[in-house]
Amino acid sequence: MGLHVGIIMDGNGRWAQARGLMRTQGHLEGLKAAKQVVKTAASGMGIDFLTLYVFSTENWKRTAEEVGFIMGLVRQYLKAEFAFASENHIRVRHAGDLSRLPPDVAGDIADVCRDTESFAGMQVILALNYGGRDEIVRAVNKALASASASVSGKEIKINETIIAGHLDNPDIPDPDLIIRTAGEYRTSNFLLWEAAYAEYYISDKLWPDWTGADLVEAIESFQKRERRFGGVNSASCEAGVSL
Ligand code: FPP
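Described in the following lines is the structure provided in the data block.

Definitions and cut-offs
- Residues numbered from 1 in each chain as written.
- Predicted model: local features only at pLDDT ≥ 70, side-chain atom pairs only at ≥ 80, totals over all residues.
- Heavy atoms only, no water.
- Salt bridge = Lys/Arg side-chain N within 4 Å of Asp/Glu carboxyl O.
- Helix = DSSP H or I, 4+ residues; strand = E, 2+ residues; numbered from the N terminus.
- Buried < 20%, exposed > 50% of the residue type's maximum accessible area, 1.4 Å probe, protein only.
- 1 Å grid on protein atoms, 1.4 Å probe; cavity = no way out; pocket = protein on both sides within 12 Å on 5 of 7 lines; lining within 4 Å.
- Points joined across faces, edges and corners; volume = space filled by probe spheres on them.
- Nonpolar A, V, L, I, M, F, W, Y, C, P; charged D, E, K, R; others polar.
- Pairing = 2+ DSSP bridges.
- Axes fitted to C-alpha atoms, helices over the stretch in contact; angles between N-to-C directions.
- Contact = heavy atoms within 4.5 Å.
- Expected span 1.5 Å × (residues − 1).
- Near = heavy atom within 4 Å.
- Polar contact = N/O pair within 3.5 Å; in protein donor to acceptor, adjacent residues only side chain to side chain.
- Areas by Shrake-Rupley, 256 points an atom, 1.4 Å probe, with all protein chains shown as cover.
- Sits in = over half its atoms within 2 Å of the grid points.

Structural notes on the pattern of salt bridges
Applying the stated criterion across every chain, the model contains 20 salt bridges. For D10, the salt bridge identified is with R180, shortest N-O distance 3.0 Å. Note that D10 is positioned in the loop between β1 (3-8) and α1 (12-18) and R180 in strand β5 (residues 177-180), a separation of 170 residues in sequence. As a salt-bridge pair, D168 and K142 come within 3.8 Å of each other at their nearest N and O atoms. Of this pair, D168 sits in the loop between α7 (160-165) and β5 while K142 sits in helix α6 (residues 132-150), and the two are 26 residues apart along the sequence. For D168, a relative accessible area of 17% translates into the label buried. Note on K142: relative accessible area 35%, which makes it partly exposed. One connected set of salt bridges, linked through shared partners, spans D10, R14, R180, E184 and R186.

With respect to the layout of surface pockets
Empty space within the largest pocket amounts to approximately 600 Å³. In terms of lining residues, the largest pocket is bounded by 28 residues, among which M9, N12, Y53, V54 and F55 are the most central. Every element with two or more residues in the lining of the largest pocket is listed here: α1, α2 (23-41), β2 (47-56) and α3 (64-80). Looking at side-chain class alone, the lining of the largest pocket contains 14 nonpolar, eight polar and six charged residues. Space inside the second largest pocket adds up to approximately 210 Å³. Taken together, 18 residues form the lining of the second largest pocket, with L167, N169, I172, P173 and E194 sitting closest to its centre. Of the residues in the lining of the second largest pocket, the class split is 10 nonpolar, three polar and five charged.

Description of the sheet that holds strand β6 (residues 199-202)
Ordered in space as β3-β4-β2-β1-β5-β6, the six strands form an open sheet in which the pairing is parallel. Looking at which strands have only one partner, the edges of the open sheet turn out to be β3 (91-95) and β6. When the angles between neighbouring strand axes are averaged without regard to direction, this sheet yields 20°. Running over the sheet, α2 touches β1, β2 and β4 (123-130) and is turned about 165° from β2. Packed onto the sheet, α3 meets β2, β3 and β4 and runs at close to 150° relative to β2.

Describing α2
The terminal C-alpha atoms of α2 lie 26 Å apart, and with 19 residues this matches the ideal 27 Å at 1.5 Å per residue to within 8%. Taken together, the buried positions of α2 are occupied by T24, G26, H27, E29, G30, L31, A33, A34, V37, V38, T40 and A41.

Quick word on the site of the ligand
As a structural note, the neighbourhood of the ligand is formed by 19 residues, with M9, G13, R14, R23 and R62 the closest of them. Contacts to the ligand include G11, whose backbone N or O atom sits 3.3 Å from an oxygen atom. R23 is positioned with one of its side-chain polar atoms (N or O) 2.9 Å from an oxygen atom of the ligand. Considered on its own, the ligand offers 620 Å² of accessible surface; in the complex 92% of this is hidden by protein. Of the pockets mapped on this structure, the ligand occupies the largest pocket. No other element matches α2, which puts five residues into the shell around the ligand.

Here is the structure:
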């Protein structure tokens, strides 16, 4: 199985500000960077899943103009990149609460998810109106609803398997690597449950300046790391050292 990489695409606003441009111009350039990075990720570098943090549950606090612009970019992206997705068998999926998105955006997302459902290549997951805490709360509520429908009067105990099974995309493996751009060291509510053992890679570059080469560099850095998943590595085991 290939890698699951998540990207927190940060710094569009700062990119625009540094040039005396509107924030929306930064998002437009950010979209171009996203298209390029998706193409590199799909070029056979061992990435099976790419989750892009497009819009968080907190991003509604921005001005209506900026929110509307980002939603428009999403629709534009889905339309413009459909041919590329088809040619490359890319399956597009969504993470987040679709029910609270503007109906036209939610409709376009549902359509592209349906139309690419059978594609067996890389999966691109658009995290849109996504929040990690919100996803966990919705997962617990889904679990409780299905449990109370099946076992009335019995005490219901939540466990990790139950929560994991009710997340937005329960079949998608946990991310191996989370990339954040623009030099910020925060999770910002991205894949809180799923990223329990993810490696983090912080890039100082602002998102609009990112290219496919930056993704290659991030993957190479990740491949040099040793992951222990809370255990010990084999070398230190042999040496009798527990970490
Ligand atoms: C973060 O920069 C960026 C966003 C919240 C929007 C992300 C949207 C895109 C990259 C375009 C759409 C992409 C796809 C794939 C449809 P920021 O505005 O938080 O930057 P700042 O921290 O410098 O202000």
